[in-house]
Amino acid sequence: MIKDHILVWNNCLAHIRKTIDAQPFKTWFEPIKPVRIINEVLTIQVPNKFFYEWLEEHYVNVLKKAVKRELGPNGNLEYNIMVDNHRQIGTHKTKTAEPKFKENEESKFINPFVIPGIKKVKLDTHLNPIYTFDNFVIGDCNKFPGSAGIAIAKKPGGTAFNPLVIYGDVGLGKTHLAQAIGNEVFKTFEDRQVLYLTTEKFTNQVIQAIKSNSVNDFMIFYQMIDVLIIDDIQFLSNRPKTQEIFFNIFNQLHQSGKQIILTSDRAPKDLTDVDERLISRFKWGLVADLKTPDFETRLKILDKKLEKEGLELPKEIKDYICIHIKNNIRELEGVVISLVAQSTLNKRIIDLSLVKDVVRQFVSQVDREISVESIKHLVAKHFDVPVEKLQSKTRLRDVVMARQLSMYLAKNYTSSSLKTIGDSFGGRDHSTVIHSLKAVQDLIDTDLLFMDKVNILVKKVQTSLVNV
Ligand code: ADP
Ligand code: MG
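All of these numbers come straight from a predicted model, not from anything done at the bench.

Rules used throughout
- Residues numbered from 1 in each chain as written.
- Chains lettered and ligands numbered in written order.
- Predicted model: local features only at pLDDT ≥ 70, side-chain atom pairs only at ≥ 80, totals over all residues.
- Heavy atoms only, no water.
- Salt bridge = Lys/Arg side-chain N within 4 Å of Asp/Glu carboxyl O.
- Helix = DSSP H or I, 4+ residues; strand = E, 2+ residues; numbered from the N terminus.
- Buried < 20%, exposed > 50% of the residue type's maximum accessible area, 1.4 Å probe, protein only.
- Core = buried A, V, L, I, M, F, W, Y, C linked by side-chain atoms within 4.5 Å.
- Pairing = 2+ DSSP bridges.
- Right-handed = clockwise from strand over helix to strand, strands pointing away.
- Axes fitted to C-alpha atoms, helices over the stretch in contact; angles between N-to-C directions.
- Parallel < 35°, antiparallel > 145°, perpendicular 65-115°, else oblique.
- Contact = heavy atoms within 4.5 Å.
- Nonpolar A, V, L, I, M, F, W, Y, C, P; charged D, E, K, R; others polar.
- Left-handed = near helix turned anticlockwise from the far one by under 90°.
- Near = heavy atom within 4 Å.
- Polar contact = N/O pair within 3.5 Å; in protein donor to acceptor, adjacent residues only side chain to side chain.
- Areas by Shrake-Rupley, 256 points an atom, 1.4 Å probe, with all protein chains shown as cover.
- Domains from an automatic or database assignment.

A. Structural detail: the pattern of salt bridges. Going through the model one piece at a time under the given rule, you end up with 16 salt bridges. Taking the shortest distance from any N to any O, the salt bridge between K318 and D303 comes out at 2.9 Å. Taken together, the residues K318 in helix α12 (residues 315-324) and D303 in helix α11 (residues 295-309) connect sequence positions 15 residues apart. For K318, a relative accessible area of 16% puts it in the buried group. We note a salt bridge from D319 to K315, for which the minimum N-O separation is 2.9 Å. Here D319 and its partner K315 are both found in helix α12, 4 residues apart, which amounts to about one turn of the helix. We classify D319 as buried; its relative accessible area is 9%. Its relative accessible area of 47% is what places K315 among the partly exposed residues. Overlapping salt bridges bring together R348, D357 and R360 as one network.

B. Region of the structure containing the environment of K419. Here K419 lies in helix α18 (residues 418-424). Using a relative accessible area of 54% as the deciding quantity, one classes K419 as exposed.

C. The arrangement of the nonpolar core in detail. One finds F202, Y222, L228, F246, I249 and F282 to be the most contacted residues of the largest nonpolar core, which totals 30 residues. Among the elements of the structure, β6 (194-198), α7 (199-211), α8 (215-223), β7 (227-231), α9 (240-255), β8 (259-264) and α10 (276-282) are those that each provide at least two residues to this core. If one sorts the elements of this core by residue count, α9 sits on top with 6 residues. One finds A380, A402, M407 and I444 within the second-largest nonpolar core, a separate group that totals 27 residues.

D. The arrangement of the pairing of β8 in detail. Burial runs high along β8: 6 of the 6 residues are buried. Burial of β8 is two-sided: the residues Q259, I261 and T263 facing one way and the residues I260, L262 and S264 facing the other way are all buried. Across 4 bridges, the pairing between strand β5 (residues 164-167) and β8 is parallel. Its bridge partner lying in β8, V165 is registered against L262. Bridge count for β7 against β8 is 4 bridges, and the pairing is parallel. Residue pairing across strands places I230 opposite L262, the latter belonging to β8. In this fold, the crossover linking β7 to β8 by way of α9 has right-handed handedness.

E. Here's a closer look at the packing of helix α17 (residues 397-413) against helix α19 (residues 430-446). It is the contact of α17 with α19, at a shortest axis distance of 8 Å, that shows an interaxial angle of 95°. Classed by the angle they form, the pair α17 and α19 counts as roughly perpendicular. Contacts from M401, Q404, L405, M407, Y408 and K411 in α17 reach V433, H435, S436, L437, A439, V440, Q441, L443 and I444 in α19. Here the contact of α17 with α19 is built from residues that sort into 10 nonpolar, 4 polar and 1 charged.

F. Broad picture of the packing of helix α5 (residues 143-154) against helix α6 (residues 174-188). For the pair α5 and α6, interaxial distance at closest approach is 9 Å and the crossing angle is 20°. Here α6 runs roughly parallel to α5, going by the angle between their axes. Every pair of crossing elements has a handedness; the one defined by α5 and α6 is right-handed. Contact residues: P145, G146, G149, I152 and A153 in α5; L177, I181, E184 and V185 in α6.

G. Quick look at the site of ligand 1. Near ligand 1 there are 18 residues, and of these G171, T175, H176, R330 and E333 occur at the shortest range. Separating an oxygen atom of ligand 1 from a backbone N or O atom of G173 is a distance of 3.1 Å. Contact distances for ligand 1 include 2.8 Å between an oxygen atom and a side-chain N or O atom of K174. Its free accessible area being 560 Å², ligand 1 has 94% of it covered by the protein chains. At the level of secondary structure, the elements contributing two or more residues to the shell around ligand 1 comprise α6, α11 and α13 (329-345). Of the residues belonging to the shell around ligand 1, the class tally is 7 nonpolar, 6 polar and 5 charged. Each of domain 2 (143-289) and domain 3 (295-359) contributes no fewer than three residues to the shell around ligand 1.

H. Spotlight on the sheet that holds β5. Spatially, the 5 strands line up as an open sheet ordered β6-β7-β8-β5-β9, and their pairing is parallel. Edge positions in the sheet fall to β6 and β9 (286-289), since each has one partner strand and no second. The sheet shows a mean angle of 15° between the axes of neighbouring strands, direction not considered. Lying over the sheet, α7 contacts β6 and β7, oriented at roughly 95° with respect to β6.

I. Here's a closer look at the pairing of β7. Across the 5 residues of β7, 5 count as buried, placing the element largely inside the fold. Neither face of β7 is exposed, since V227, I229 and D231 on one face and L228 and I230 on the opposite face are all buried.

Given below as structure tokens:
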């Protein structure tokens, strides 16, 4: 018998309505539209990915129960993720049956070194499968560690990059990159054992091993690992016993050609209270830092995150976000998640005013220095020239003027060096920047009308600081 999807869904809703409160029902179930039923699979359309994830997290059982009640024990549910900002942008399919990864699932962690004599068990890698190379954007800021990571993933233990030490400020992708290597190895090499753990977890294991008199087993366990990833090794600081055991494990693995990947919030030489012997080993392979992403890379990353959420934003809004969120990729993600939540929960249209509200929550006081990028945008807009022109070689009078003025403002209203300023205007050298500054200053000194123009721009720069 062919069942009508609308009827089935209405029956499901009637059932669900009885089990949950009116408000969440209104928020989470009313916007759903039934699409079709094929082979006992009911397809429903949800507004966006966030919505889908919320349903899966909070209402999966309610949904399952209702669907099975209507369609029988083989009944299943499929989602079409459709629109955001109230426009249709495409269809994704996801199934309730898809396993979900949960971080910090402590209870699932079996401490395998207590399993005696079993060598060939494939252990849980403790990797988060969401961190892959596919969704790791590579730009100037991370090209070096990124390509090293790709090389290692192809030949773990077989490159000169052993250990690989990735360091950089918080939120710049250390964990992502380290885990992407692990996930790639896991996917490509059936027989390689990958293990990811934080320094914190490693330390706890050491403490446990000492307590239970099983340091030897512990060491033997680690010999089974082919790719060992330890995150945030700055936390080894002041833990001499952990350091000692790690030192031994490191030596054993390294000697037998196993790959070691470490991350740290600072360069090995700057680690405090870590044994010199260890620090010198950290420098044996490749020490590579992740730098703060430039504007272009931030835009690319933002695009990736938006694509993942099934969200499309106008260029102007994306520029605004990337101009203001500049030090931390996690914040960039935070903005996207907030925007999705705002548009879904509060039913707000994603326009510049909402974006400003959201960005304001993420940009701390200390970040409130205006950036060279925002100055460029501001000046370009003021003179109505495309911002890309400021980077180009064009000698058109209007463009030259806008370019020189931007450099002047950048010098006076940011702490950027002449070199950085030159770099952000299409790689001009510092003498060109000096020349521009002088040209603007000369005009200010001699041309009152020009001085007025500059003052208007200065005002704009200052207000944009207040309005961040
Ligand atoms: P860290 O370990 O350096 O503090 P993370 O690896 O946790 O930073 O990165 C913070 C967030 O930013 C993560 O969600 C990560 O997926 C994302 N991220 C970092 N670098 C990139 C990149 N190059 N491309 C895409 N996403 C990135
Ligand atoms: Mg990290």
